[in-house]
Amino acid sequence: MSGILGKKIGMTSVFDDKGESIPCTIIEAGPCYVTQIKTKEKDGYEAVQLAFEEKKERRVNKPLSGHFKKAGVSPKKLMCEFRTFDISKFQIGTEIKIETLFSKGDQVSVSGTSKGRGFQGVVKRHHFGGGSKTHGQSDRVRAPGSIGSSSYPSRVFKGQRMAGRMGGEQITVKNLRVVQIIPESNLVLISGSVPGFNNSYVEILKEIK
Amino acid sequence: MDKLKLVEATQMKSNLPQFKAGDTINVQVRVIEGDKERTQQFQGVVIGRHGDGLRATFTVRKISNGVGVERIFPLHSPRLGKIEVLKVGRVRRAKMYYLRTLAAKQIRQKTSAD
């Protein structure tokens, strides 16, 4: 199992071999560089740290630029640890490209930060049914209804679903399929939709069969 | 958006004939039945073109046995064969949805070249 960092480009649809149209998301994935390898002896766990997307030299602070210099990699915008690599196969500073990790038809899961929706009511946020439009109701159409009993328990239970901030959290979408890989431009086409805005960062993880 | 276009360009057809709403066209559709493949013809008036890029589609309307039939085709689908423009219509709309309410004779008048 393994993964890579990428940037969501946008959605479109392509035709497969049978001529059927497949809706898919284009992700610019990699090339990523190994900037650090965490080992059991030193860090208590095993992971590979990958860095993605060039950053201007003058935008990097001193501690980070030292970190990149140590790895022998030019400064990057995003870094992320993957615990799913076999660390014995990797060396610091090496380049990782999509075509070496994935092939057409692979099952993957994609995580990213979902689009922020702001403060939303229960109908949108938790798919509540809301109240009745008719039967003498006046202002209950999108109301949550009862939030609990009365004298017992005399409080609202924790975890009661209510209105609040929605979106802008890490979401993982599983069971997606690699439709196509374009190695020259580091693009990968993944069936279906992926969390987040266009140009937002995503992690693509290979799923265990 | 350039990278999106780059991906779409790999599958887009370049030799499509020019046609617009109001034109009468004949579309060859490849139908796969089991392991056999045959070509089906669909002839009618284009009542609209939608979208752009690889996802562009067009709608063709015809009267079949007295029943109006509309089919939406993806313009760049590999299942489409030749598209032939039979008659160029002179119309003032990009979307000819109002043809649905007209009789065949009125459709002929509305889409005729004169």
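Below is a short write-up of the structure.

Here is what the cut-offs are and how they apply
- Every chain's residues receive numbers from 1 upward, in the order its sequence appears when written.
- Chains and ligands are labelled by the order in which they are written, letters from A for the one and numbers from 1 for the other.
- Reporting of local features is limited, given that this is a predicted model, to residues whose pLDDT is at least 70; pairs of side-chain atoms are given and counted only at 80 or more, and all residues count toward the totals for whole chains, interfaces and linings.
- As a convention, hydrogens and water are excluded, and side-chain values are obtained from all of the structure's heavy atoms.
- Strands here mean DSSP runs of E at least two residues long; helices mean DSSP runs of H or I at least four residues long; both are numbered from the N terminus.
- Exposure is judged per residue with a 1.4 Å probe applied to protein chains only, and the accessible area is read against the type maximum: over 50% gives exposed, under 20% gives buried, and values in between give partly exposed.
- Each accessible area value is a Shrake-Rupley result obtained with a 1.4 Å probe; residue values ignore everything except the protein chains displayed when judging cover.
- For the purpose of charge, His is not counted, nor are the chain termini; Lys and Arg are scored as positive and Asp and Glu as negative.
- To locate a charge, take NZ of a lysine, CZ of an arginine, CG of an aspartate or CD of a glutamate.
- All radius of gyration figures rest on C-alpha atoms, and the globule criterion is 2.2 Å times the number of residues raised to 0.38.
- Residues count as neighbours in contact if any of their non-hydrogen atoms are within 4.5 Å of one another.
- Here a patch means residues that are over 30% exposed by relative accessible area and free of salt bridges, tied together within 9 Å if like-charged and within 5 Å if nonpolar (Val, Leu, Ile, Met, Phe, Trp, Tyr).
- Within this document, salt bridges are pairs made up of a side-chain nitrogen of Lys or Arg and a carboxyl oxygen of Asp or Glu, the two lying within 4 Å of each other.
- Once two parts are brought into contact, the accessible area they lose, counted with a 1.4 Å probe and summed over both, makes up the buried area.
- Side-chain atoms alone can form a polar contact between residues adjacent in sequence; in general such a contact is a pair of N or O atoms within 3.5 Å, and within protein one must be able to donate a hydrogen while the other accepts it.
- Amino acids are sorted into nonpolar (Ala, Val, Leu, Ile, Met, Phe, Trp, Tyr, Cys and Pro), charged (Asp, Glu, Lys and Arg) and polar (every other residue, Gly among them).
- The reported arc concerns the directions from the helix axis to the C-beta atoms and nothing else.
- When DSSP finds two or more bridges between two strands, those strands count as paired.
- Angular values range over 0 to 180 degrees, each being the angle between N-to-C directions of two axes fitted as lines to C-alpha atoms, with helices fitted over their stretch in contact.

## Considering the overall build of chain B
Here is step 1 of the chain: Within chain B, the regular secondary structure consists of 2 helices and 5 strands.
Here is step 2 of the chain: Ordered by position from N to C terminus, the α and β elements of chain B give α-β-β-β-β-β-α.
Here is step 3 of the chain: With the principal axes as the frame, chain B shows a C-alpha extent of 45 × 40 × 20 Å.
Here is step 4 of the chain: Counting the 114 residues in chain B, one finds 32% classified as buried.
Here is step 5 of the chain: Within the structure as shown, chain B displays about 7,400 Å² of accessible surface, and the carbon and sulfur contribution to it stands at 48%.
Here is step 6 of the chain: Counting 23 positive and 10 negative side-chain charges, chain B places the averaged centre of each group 8 Å from the other.

## Focus on the overall build of chain A
Here is step 1 of the chain: A count of helices and strands for chain A gives 4 helices and 12 strands.
Here is step 2 of the chain: Its C-alpha radius of gyration of 23 Å places chain A more than 25% over the 17 Å reference for a compact globule of 209 residues.
Here is step 3 of the chain: With respect to the principal axes defined by its C-alpha atoms, chain A has extents near 70 × 50 × 40 Å.
Here is step 4 of the chain: By the burial criterion, 41% of the 209 residues in chain A qualify as buried.
Here is step 5 of the chain: In chain A, 69% of the contacts between residues at least 6 apart in sequence involve partners at least 24 apart.
Here is step 6 of the chain: Carbon and sulfur atoms make up 48% of the accessible area of chain A, which totals about 12,500 Å².
Here is step 7 of the chain: When the 34 basic and 20 acidic side-chain charges of chain A are each reduced to a single mean position, those positions are 10 Å apart.

## So, a nonpolar patch on the surface
Here is step 1 of the chain: A cluster of nonpolar side chains, Ile147, Val156 and Met162 of chain A, forms an exposed patch at the surface whose accessible area comes to about 210 Å².
Here is step 2 of the chain: Exposure remark for Val156 of chain A: the relative accessible area of 37% places this residue in the partly exposed category.

## As for the interface of chain A and chain B
Here is step 1 of the chain: Counting residues at the interface gives 16 residues for chain A, matched by 13 residues for chain B.
Here is step 2 of the chain: Buried area between chain A and chain B, both sides added, is near 1,300 Å², and the carbon and sulfur share of it is 65%.
Here is step 3 of the chain: Contact with chain B buries surface across chain A, with Ile9, Thr12 and Phe15 of chain A losing the most and accounting together for 38% of the total.
Here is step 4 of the chain: For the pair chain A and chain B, the number of links is 2 salt bridges.
Here is step 5 of the chain: The partner of Arg79 of chain B in a salt bridge is Glu20 of chain A, and the shortest N-O contact between them spans 3.4 Å.
Here is step 6 of the chain: Where chain A touches chain B, the interface holds 5 residue pairs in polar contact (both at pLDDT 80 or more).
Here is step 7 of the chain: The set of elements that each furnish at least two residues to the side of chain A that touches chain B consists of strand 1 (3-15), strand 2 (21-29) and strand 11 (187-191) of chain A.
Here is step 8 of the chain: Among the elements that line the side of chain A that touches chain B, the one with the most residues is strand 1 of chain A, at 7 residues.
Here is step 9 of the chain: Residue classes in the side of chain A that touches chain B are distributed as 8 nonpolar, 5 polar and 3 charged.

## Brief notes about helix 2 (residues 62-71) of chain A
Residues and elements named next belong to chain A.
Here is step 1 of the chain: Taken together, the buried positions of helix 2 are His67, Phe68 and Ala71. One face of helix 2 carries all of its buried residues, which in axial projection span an arc of 95 degrees. In helix 2, those exposed residues whose orientation departs by more than 90 degrees from the buried face are Lys62, Lys69 and Lys70.
Here is step 2 of the chain: Within two residues after helix 2, Gly72 carries a phi angle of roughly 70 degrees, on the positive side.

## Let's talk about the pairing of strand 4 (residues 47-54) of chain A
Residues and elements named next belong to chain A.
Here is step 1 of the chain: Of all the 8 residues making up strand 4, 7 are buried; the element is thus mostly covered by neighbouring parts of the structure.
Here is step 2 of the chain: Pairing analysis gives 5 bridges linking strand 3 (residues 32-38) to strand 4, with the strands arranged antiparallel. In the strand pairing of strand 4, Val34 is matched with Leu50.
Here is step 3 of the chain: Bridge count between strand 4 and strand 5 (residues 76-82): 6 bridges; the pairing is antiparallel. Within the sheet, the bridge partner assigned to Val48 lies in strand 5 and is Phe82.

## Description of the sheet that holds strand 1 of chain A
The strands that make up a sheet pair up through hydrogen bonds in the backbone, lying either parallel or antiparallel.
Residue and element names in this part refer to chain A.
Here is step 1 of the chain: Taken in spatial order, the 6 strands line up as 1-2-11-10-7-12 and close into a barrel, and their pairing is antiparallel. Between one strand and the next, the sheet's axes are offset by a mean angle of 50 degrees, whatever the strand orientation.
Here is step 2 of the chain: With 9 bridges connecting them, strand 1 and strand 2 associate as antiparallel partners. Bridging from a neighbouring strand, Lys8 pairs with Ile27 of strand 2.

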